[in-house]
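Coordinate inspection notes
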Amino acid sequence: MRHLTVVGASLAGLSTVRALRAEGYDGGITVVGEERHLPYDRPPLSKELLKGDLEADAIALGDTAEYEELAVRWALGRRAVRLDPATRTVTLDDGRELRTDGVVIATGTSARTFPGTAGMAGIHTLRTLDDALALRAELRGGLPRVVVIGAGFIGAEVASTAHRLGLHVTVVEALDVPLERVLGREMGLVCSALHTDHGVRLLTGTGVAGFTGDDRVTGVRLTDGRQIPADVVVVGVGVRPATDWLDGSGVEVADGVVCDEGCATNVPQVVAVGDVARCPHPFTGRHARIEHWTSATEQARTAAATLLSGTSAPGPARAPSFWSDQYQVRIQLAGHVVPGARPEVVDGDPDDRSFAAVYRYDDHPVAVLAMNRPKPFNRLRRTLAPAAVAAAR
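Described below are features of the structure shown in this document. (Residues numbered from 1 in each chain as written. Predicted model: local features only at pLDDT ≥ 70, side-chain atom pairs only at ≥ 80, totals over all residues. Heavy atoms only, no water.)

Digging into the pattern of salt bridges
The criterion, for reference: Between Lys or Arg on one side and Asp or Glu on the other, a salt bridge is scored when a side-chain nitrogen of the former is within 4 Å of a carboxyl oxygen of the latter. In this text, helices come from DSSP runs of H or I with a minimum length of four residues, and strands from runs of E with a minimum of two, each type numbered from the N-terminal end. Burial status follows relative accessibility: with a 1.4 Å probe on protein chains alone, a residue under 20% of its type maximum counts as buried, one over 50% as exposed, and anything between as partly exposed.
Summed over the entire model, instances satisfying the criterion amount to 25 salt bridges. Of the charged contacts, one joins Glu35 and Arg42 as a salt bridge, the two residues approaching to 3.4 Å between their closest N and O atoms. Residues Asp130 and Arg36 are paired through a salt bridge, measuring 3.3 Å at the closest nitrogen-oxygen approach. Placement of the pair is Asp130 in helix 4 (residues 129-139) and Arg36 in the loop between strand 2 (28-33) and helix 2 (48-51), with a sequence separation of 94 residues. Among the residues examined, Asp130 registers a relative accessible area of 32% and is labelled partly exposed. Given the relative accessible area of 59%, Arg36 is considered exposed. Taken together, the shared-partner salt bridges in this structure form one network comprising Arg78, Asp93, Asp94 and Arg96.

Encoded structure:
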């Protein structure tokens, strides 16, 4: 292969470029990025950058010297609109056609929105650097009442940051127990209690019926009839894989790009990595998109090996893991909380918001959760193995 195209100037995309060079590939590489920015780190968007402790240049994932060494050709501010495997071309939104011998799909996801809110000021999503900068400007602009819709990890981090800025924050969650689908009921209650610990209003078991205001939002109408005044609304109700541009390409898509364990798609010389890739994982036992920072870097090495060898490389064997910083508490999870798994606290105390717990299913350790307990977490995560999760299923 003389030239490769990476679609997505993301952590996963850049990590794949690094892995390709590390594997000895010396051909041309073009990276297409819909945003005008070079690759940057996303976790700070809802925390340090949103609060103002970091600026955009501090979250860059690479620098000029590295990019010169990687010999990357950038196509930033451009969106891929079509992939044609027959002619080996990627078409961009400006009409350019990039001839390529292989494609890495690293387009990630886009934030879900509420219909009819596109022209209403004050309603935000948080997925990109520009999203974070726009939201930061509003949070600093003397608008005190913030409503966060969705108490998932991103919504919780935004609520935490807004609270630290001294704003009045309300979090609205449709589930009765936030994070129950990820952590189970017991630990979902523990983690969501961080909001009320800090005086943030948490409304659960109710959805959003609509918004008040004309040109700018003034409130949120809930499905239970209540109305919450709001100067700023942040919508954190999930994401959708960015796969529309693959229509007609022949690449199999089903809630993401369907891959084998080596990140290979059903189309030769096309691989997928990161949030958009739906791969089988030994710890989940199913095809799934794993939207974790660590998964993006690990998948990149697998995808590069697959693309260069033409044979699917073994997938990552480590337990998937992620972290979330909320109200100056670090939450860490590794493994997979299978239905019916029960957490057992083995270190610390949940009431102190500092503990480590092991999820077990029929005495098999399948996941580890910790709050402000990094050393026990790192020790316990090494006890997890795919065989244990398989037995739990």
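A few points about the nonpolar core
What counts, and what does not: Nine residue types can take part in a nonpolar core, namely buried Ala, Val, Leu, Ile, Met, Phe, Trp, Tyr and Cys, and a core is a set of them joined through side-chain atoms within 4.5 Å. Contact criterion: two residues are considered in contact whenever any of their non-hydrogen atoms come within 4.5 Å of each other.
If you look at the biggest cluster of nonpolar residues, it comprises 46 residues, and the most contacted ones within it are Leu83, Val90, Ile105, Trp245, Val251 and Val257. Ranked by residue count, the leading element in this core is helix 1 (residues 11-22), at six residues. Excluding anything up to four places from it in sequence, Val251 contacts Leu83, Ile105, Leu246, Val257, Thr265, Asn266, Val267 and Val270. Counting residues in each nonpolar core, the second largest holds 44 residues, with Leu45, Leu135, Val146 and Cys191 among its members.

Description of the pairing of strand 14 (residues 219-222)
Operational definition: When DSSP locates at least two bridges between a pair of strands, those strands are taken to pair.
When strand 13 (residues 208-212) meets strand 14, the two strands line up antiparallel, connected through four bridges. From the neighbouring strand, Thr212 faces strand 14, where its bridge partner is Gly219. Bridging between strand 14 and strand 15 (residues 227-229) involves three bridges; their strand directions are antiparallel. Within the sheet, the bridge partner assigned to Val220 lies in strand 15 and is Ile228. Connecting strand 14 to the next strand, strand 15, in antiparallel fashion are four residues, including Gly225 with a positive phi near 100°.

Side note on the packing of aromatic side chains
Where we set the bar: Aromatic contacts are taken between Phe, Tyr and Trp rings whose centres are within 6.5 Å, Trp giving its six-membered ring; a plane angle under 30 degrees counts as stacked, one over 60 as edge-to-face, and the others as tilted.
Following the criterion strictly, the structure yields four aromatic pairs and no others. Taking 5.0 Å as the distance between ring centres and 75° as the angle between the ring planes, the aromatic pair formed by Tyr67 and Trp74 counts as edge-to-face. Residue Trp74 is classed as partly exposed on the basis of its relative accessible area, which comes to 25%. With a centroid separation of 4.8 Å and 70° between ring planes, the pair formed by Phe153 and Phe322 is classed as edge-to-face. In this pair, Phe153 sits in helix 5 (residues 153-164) while Phe322 sits in strand 22 (residues 321-326), placing the two residues 169 residues apart along the sequence. We classify Phe153 as buried; its relative accessible area is 16%.

Concerning the packing of helix 1 against helix 8 (residues 293-309)
For the record, the criterion: To define axes, lines are fitted to C-alpha atoms, for helices over the stretch in contact only, and angles between the resulting N-to-C directions are given on a 0 to 180 degree scale. In these notes the angle categories are as follows: under 35 degrees is roughly parallel, over 145 is roughly antiparallel, 65 to 115 is roughly perpendicular, and the rest is oblique. It is the rotation of the near helix from the far one that decides the hand of a crossing: anticlockwise by less than a right angle makes it left-handed, clockwise makes it right-handed.
Between helix 1 and helix 8, the shortest axis-to-axis distance is 8 Å and the interhelical angle comes to 45°. Taken together, the axes of helix 1 and helix 8 lie oblique to each other. As helix 1 packs across helix 8, the resulting crossing turns out to be right-handed. In this structure, helix 1 uses Leu11, Ala12, Ser15, Thr16, Ala19 and Leu20 to contact helix 8, whose residues at the interface are Trp293, Ala296, Thr297, Ala300, Arg301, Ala304 and Leu308.

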